[in-house]
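# Working through the structure, step by step
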Amino acid sequence: MSLFGRRVPVPAIAAAALLMLLAAMLPALSSTPAREITLVARGMAFYLADDPATPNPEIVVRAGERIRVVLRNDARGMAHDFAVPAASAVLRPIQWSESDDVVFDAPDAPGAYAYECRPHRLMMRGTLRVR
Amino acid sequence: MSKLSRRSWLRATGLASAAGAIAGAARARGQDSGLPAAHPPHDSHVMGVVGRVAPDGLKPSVYLRSWNFSELPADERAKFYRETPRPDGTLLREYEFFAADREIEIAPGLFFPAWTYNGQVPGPTIRATEGDRVRVTFRNLGTHPHSIHFHGWHPPAMDGALPGQEVQPRETVVYEFDADPFGVHLYHCHTVPLKRHIHKGLYGAFIVDPRTPRPPADELVMVMNAFDTNFDVENEVYAVNTIAHAYMYEPIRVTVGRLVRIYLVNMTEFDPVNSLHLHGMFFDVFRTGTSLTPSDRTDTLMLCQGERAILETTFRYPGAFMFHAHQTEFAELGWMGLFRAEEVSGT
Ligand SMILES: [Cu+2]
Ligand SMILES: [Cu+2]
């Protein structure tokens, strides 16, 4: 391939393009850091990783805040997922001992929204409080 | 592909050989009273499943002596069980039940995609006294319609089995009735196809005590069950309380001279009958537990599907006593266990 009359190997162009793409993405990523919240699913309830005593705790966030929910499944033999329907956030069902995460923006209007495990929402359901 | 027989299935999955179970039996025999075994030694047979399931799965030894969620710490238990005295001296007993899909390990390395009540197979044991009011809130968190059908007196609206009484996924219903008559009963899902819903794990024991309690005893709940792991309408794994050979590895500890009462329920699907045979001893039989007078004294009891009985006996000798289905095939495929009788020190 030739560029400005010089022959340039294709891999070099690909590498340059990748670098430019990464550089373009960096400001976007750094300007919207996600607040990380780790939830554990066990005994048919969600718990905050640092508060094993409160089932299905209220999660308080700011309006429009970018949130990363990390879910860890500690329920042997059971699959759990995590969803915030009002934010169209869905984390795939995960098996025992697996973890996964989902990034979403909290709703812009303050209020109480539901988060839930979709198959088990009659028991695994809590409030996402937007301030 | 040719249809696998149950035996060849076991060979194929590498479960046949019983070094572990035999070793368990031998260990137990090695420590007993020195009397000859009541039956010829079993060491010469090949006997089913080897090894133990992971310790954080179902716990048959805990299930055995638990009812009304007594195995849970108080704060956790309060989420699933409450009792409230009523003016006439009886209790209102309230239970929180849910159905949920769960993979359970029924033999070492063998996982069964169960449908469970409250994540366990058998489901939690419900125990009330004759005349108590039982109220069960049932949430279906499973992926199929389910229900709870209780044996015992109740009006049709509480049957759980009539058309339109299936509980759809994410629906909640409340079953409420008086505990009557006293005896050992059962509950199970009654959604069609029935045998599928039952054998997937949706069943449990429902014990009703007489108003004048039975004599004090060491009480055990045993549910004979089986699993069709390859969906050919035949069972490949048999057990009492779900896990094949669990009580071979963890013998049931009992005390010489103390009355032992077993609440025995047959929840086996696909095979018309199951049985319990106890080595070296006899027991009194109270069929369905609805009488305080024994109907039989035997060492082998056969029960049809859904049939149950209370057994009472007292261990005379210390040492290991085997119990198993007298359908030897069931025994070899997991339905076998040991009692270990010990003398109380200092008496
Ligand atoms: Cu869940
Ligand atoms: Cu069902």
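Predicted, not measured: the structure shown is a model, and the values here were computed from it. (Residues numbered from 1 in each chain as written. Chains lettered and ligands numbered in written order. Predicted model: local features only at pLDDT ≥ 70, side-chain atom pairs only at ≥ 80, totals over all residues. Heavy atoms only, no water.)

## Re the domain arrangement of chain B
All names here are of chain B. The criterion, for reference: Residue ranges assigned to each domain were obtained from an automatic or database domain assignment. By definition, residues are in contact when any of their heavy atoms lie within 4.5 Å. Accessible-area loss on putting two parts together, using a 1.4 Å probe and summing over both, is the definition of buried area adopted here. When a carboxyl oxygen of Asp or Glu lies within 4 Å of a side-chain nitrogen of Lys or Arg, that pair is called a salt bridge. Each polar contact in these results corresponds to two N or O atoms within 3.5 Å; when the atoms are within protein, one needs to be able to donate a hydrogen and the other to accept it, and residues that are neighboring in sequence are counted only if both atoms are side-chain atoms. Only DSSP runs of H or I reaching four residues or more are called helices, and only runs of E reaching two or more are called strands; each is numbered from the N terminus. Classification used: nonpolar for Ala, Val, Leu, Ile, Met, Phe, Trp, Tyr, Cys and Pro, charged for Asp, Glu, Lys and Arg, polar for all others including Gly.
Partitioning chain B into structural domains gives domain 1 (6-56 + 216-342) and domain 2 (61-209). Taken residue by residue, the interface counts 46 residues in domain 1 and 33 residues in domain 2. Both faces combined, the contact of domain 1 with domain 2 buries some 3300 Å², and carbon together with sulfur accounts for 67% of it. There are three salt bridges connecting domain 1 and domain 2. One salt bridge connects D228 with R196, and the closest N-O pair in it is separated by 3.4 Å. Counting every contact that joins domain 1 to domain 2 gives 14 residue pairs in polar contact (both at pLDDT 80 or more). Those elements that place two or more of their residues in the side of domain 1 that touches domain 2 are β10 (218-227), β12 (252-255), β13 (259-266) and β18 (308-314). Considering each element in turn, the side of domain 1 that touches domain 2 owes the most residues, nine residues, to β10. When the residues that make up the side of domain 1 that touches domain 2 are grouped by side-chain class, the tally is 27 nonpolar, eleven polar and eight charged.

## As for the coordination of the copper ion (ligand 1)
All names here are of chain A. Test applied: Only N, O and S atoms count as donors, using a 2.8 Å cut-off from the metal and 3.2 Å for Na, K and Ca, and because water is excluded some sites may appear unfinished. With a 1.4 Å probe rolled over the protein chains alone, any residue whose accessible area is under 20% of its type maximum counts as buried; one over 50% counts as exposed, and the rest are partly exposed.
The protein atoms donating to the copper ion (ligand 1) are H80 (ND1), C117 (SG) and H120 (ND1), with metal-donor distances spanning 1.9 to 2.2 Å. As a motif over one chain, the donors of the copper ion (ligand 1) read H-x36-C-x2-H. On the criterion of sequence distance, the pair formed by H80 in strand β7 (residues 80-84) and C117 in the loop between β10 (111-116) and β11 (125-130) is long-range, its members being 37 residues apart. Owing to a relative accessible area of 0%, H80 belongs among the buried residues under this scheme. Judged by relative accessible area, which is 0%, C117 ranks as buried.

## Brief notes about the sheet that holds β12(B)
All names here are of chain B. What counts, and what does not: Two strands qualify as a pair provided that DSSP identifies no fewer than 2 bridges between them. Working convention: axes come from line fits to C-alpha atoms, limited for helices to the stretch in contact. Angles between N-to-C directions cover 0 to 180 degrees.
Taken in spatial order, the five strands make up an open sheet running β12-β20-β19-β14-β17, and their pairing is mixed. Where the open sheet ends on each side, the last strands, each with one partner, are β12 and β17 (300-304). If you compare each strand with its neighbour and ignore which way they point, the axes differ by 25° on average.

## Focus: the sheet that holds strand β11 (residues 237-240) of chain B
Residues and elements named next belong to chain B. Spatial ordering of the open sheet is given by β11-β10-β13-β18-β15-β16, a layout of six strands whose pairing is mixed. With partners counted over all chains shown, the strands left at the sheet margins are β11 and β16 (296-298), one partner each. Taken over all neighbouring pairs, the strand axes of this sheet differ in orientation by 25° on average, direction set aside. In this structure, β10 lies alongside β13, joined through seven bridges in parallel fashion. Across the sheet, D218 pairs through a bridge with V260, a residue of β13.

## Quick look at the packing of aromatic side chains
Residues and elements named next belong to chain B. Selection rule: A pair of Phe, Tyr and Trp rings is counted when the ring centres sit within 6.5 Å of each other, with Trp represented by its six-membered ring. The angle between the planes then sorts it: under 30 degrees is stacked, over 60 is edge-to-face, the rest tilted.
What the rule picks out here adds up to 24 aromatic pairs over all chains. Look at F177 and F206: their rings are 5.9 Å apart centre to centre, the planes differ by 70°, and that puts the pair in the edge-to-face class. Placement of the pair is F177 in strand β7 (residues 172-178) and F206 in strand β9 (residues 203-209), with a sequence separation of 29 residues. For F177, a relative accessible area of 4% translates into the label buried. Each ring, one from Y238 and one from F330, has its centre 4.1 Å from the other, and the planes form 10°; the classification is stacked.

## A few points about the environment of B:E234
Tracing the sequence through the fold places B:E234 in the loop between β10 and β11. A relative accessible area of 28% places B:E234 in the partly exposed class.

## Digging into the environment of B:M267
Residues and elements named next belong to chain B. The residue M267 is located in the loop between β13 and β14 (273-278) in this model. Sequence separation of M267 and I198 is 69 residues, and the distance between their C-alpha atoms is 7.9 Å. Residues in contact with M267, not counting those within four places in the same chain, are L186, H188, I198, Y203, V223 and M224.

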